[in-house]
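Next come the chains, spelled out residue by residue.
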Amino acid sequence: MSKSLARVRAALDAAGLTAEIRETDGARSAADAAIAVGCEIDQIAKSIIFRGAASGHLVLFLTAGGRQVDPALAARLAGEDLVRADAAQIREETGFAIGGVAPVGHLRALTSFCDPRLTEFGSVWAAAGTPRHVFSIAPADLLRITGARLGDFAV
């Protein structure tokens, strides 16, 4: 088991969750992940990360798979202008490579926001630390263990 996958499993275990982690042939896109696990595209919780232009801090936006982050709406929620975070900073602060960024198990705590669309499902799927692994979780549990606040930032 990779260190990244083990960190996600440990975070889920520490939260008292027995979430199913599933290996796929590849879940680099929300569409691929939805096909792999047999769910709607919006049941895929994408981890989209921006960097605060002034603060330099990373901000995580958990976004329904078929939606996109609107930068202006996201900046309003974050309280500062946002720019795309680079791959090196994402790996340094989360411990995950782009394509496998999980919403939990980060090396450093991130401010997080969640697309309300994800709460419309009984369960959603998120990256489990690698581009080939995803895990299932109830939206309420996802909010609880990430500390994400619901916010309108996706279109």
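Please refer to the structure higher up on the page.
Residues numbered from 1 in each chain as written. Predicted model: local features only at pLDDT ≥ 70, side-chain atom pairs only at ≥ 80, totals over all residues. Heavy atoms only, no water.

1. Details of the overall build of the protein chain
- Counting secondary structure elements, the protein chain contains five helices and eight strands.
- Listing the helices and strands of the protein chain from first to last along the sequence gives α-β-α-β-β-α-β-α-β-β-β-α-β.
- Going through the 155 residues of the protein chain one by one, you find that 49% of them count as buried.
- In the protein chain, the proportion of contacts linking residues at least 24 apart, taken out of those at least 6 apart, comes to 65%.
- As presented, the protein chain carries roughly 7200 Å² of accessible surface, and 51% of it is formed by carbon and sulfur atoms.
- Taking the average location of the 16 positive side-chain charges in the protein chain and that of its 17 negative ones, the two points are 4 Å from each other. (Helix = DSSP H or I, 4+ residues; strand = E, 2+ residues; numbered from the N terminus. Buried < 20%, exposed > 50% of the residue type's maximum accessible area, 1.4 Å probe, protein only. Contact = heavy atoms within 4.5 Å. Areas by Shrake-Rupley, 256 points an atom, 1.4 Å probe, with all protein chains shown as cover. Lys, Arg positive; Asp, Glu negative; His and termini not counted. Charge placed at Lys NZ, Arg CZ, Asp CG, Glu CD.)

2. Quick word on the packing of aromatic side chains
- A complete count under the given rule lists three aromatic pairs for this structure.
- Aromatic side chains Phe50 and Phe61 sit 5.8 Å apart centroid to centroid with 85 degrees between the ring planes, which places their arrangement in the edge-to-face category. Residue Phe50 is found in strand β2 (residues 44–52), and its partner Phe61 is found in strand β3 (residues 58–64); the two are separated by 11 residues along the sequence. Here Phe50 and Phe61 have matching classes, each one buried.
- Here Phe61 and Phe113 contribute two aromatic rings whose centre-to-centre distance is 5.5 Å and whose plane-to-plane angle is 20 degrees, an arrangement assigned as stacked. (Phe/Tyr/Trp six-rings, centres within 6.5 Å; stacked < 30°, edge-to-face > 60°.)

3. Some words on the nonpolar core
- Counting residues in hydrophobic clusters, the biggest one holds 28 residues, and the most contacted among them are Val8, Leu12, Ile49 and Phe135.
- At the level of elements, α1 (3–14), β2, β3, β6 (124–127) and β7 (133–137) are the ones that each hand at least two residues to this core.
- In contact with Ile49, other than residues within four places in its own chain, are Leu58, Val59, Leu60, Ala85, Ile90, Thr94, Val101 and Leu110.
- Counting 11 residues, the second-largest nonpolar core is a separate cluster that includes Phe50, Val69, Ala74 and Leu82. (Core = buried A, V, L, I, M, F, W, Y, C linked by side-chain atoms within 4.5 Å.)

4. Regarding the pattern of salt bridges
- In this structure the tally under the stated criterion is 10 salt bridges.
- Here Asp115 makes a salt bridge to Arg67, at a shortest N to O gap of 2.8 Å. Taken together, the residues Asp115 in the loop between β5 (111–114) and β6 and Arg67 in the loop between β3 and α3 (71–78) connect sequence positions 48 residues apart.
- Judged by relative accessible area, which is 22%, Arg67 ranks as partly exposed.
- For the salt bridge of Arg117 with Glu120, the shortest nitrogen-to-oxygen distance reads 2.4 Å.
- We classify Glu120 as exposed; its relative accessible area is 55%. (Salt bridge = Lys/Arg side-chain N within 4 Å of Asp/Glu carboxyl O.)

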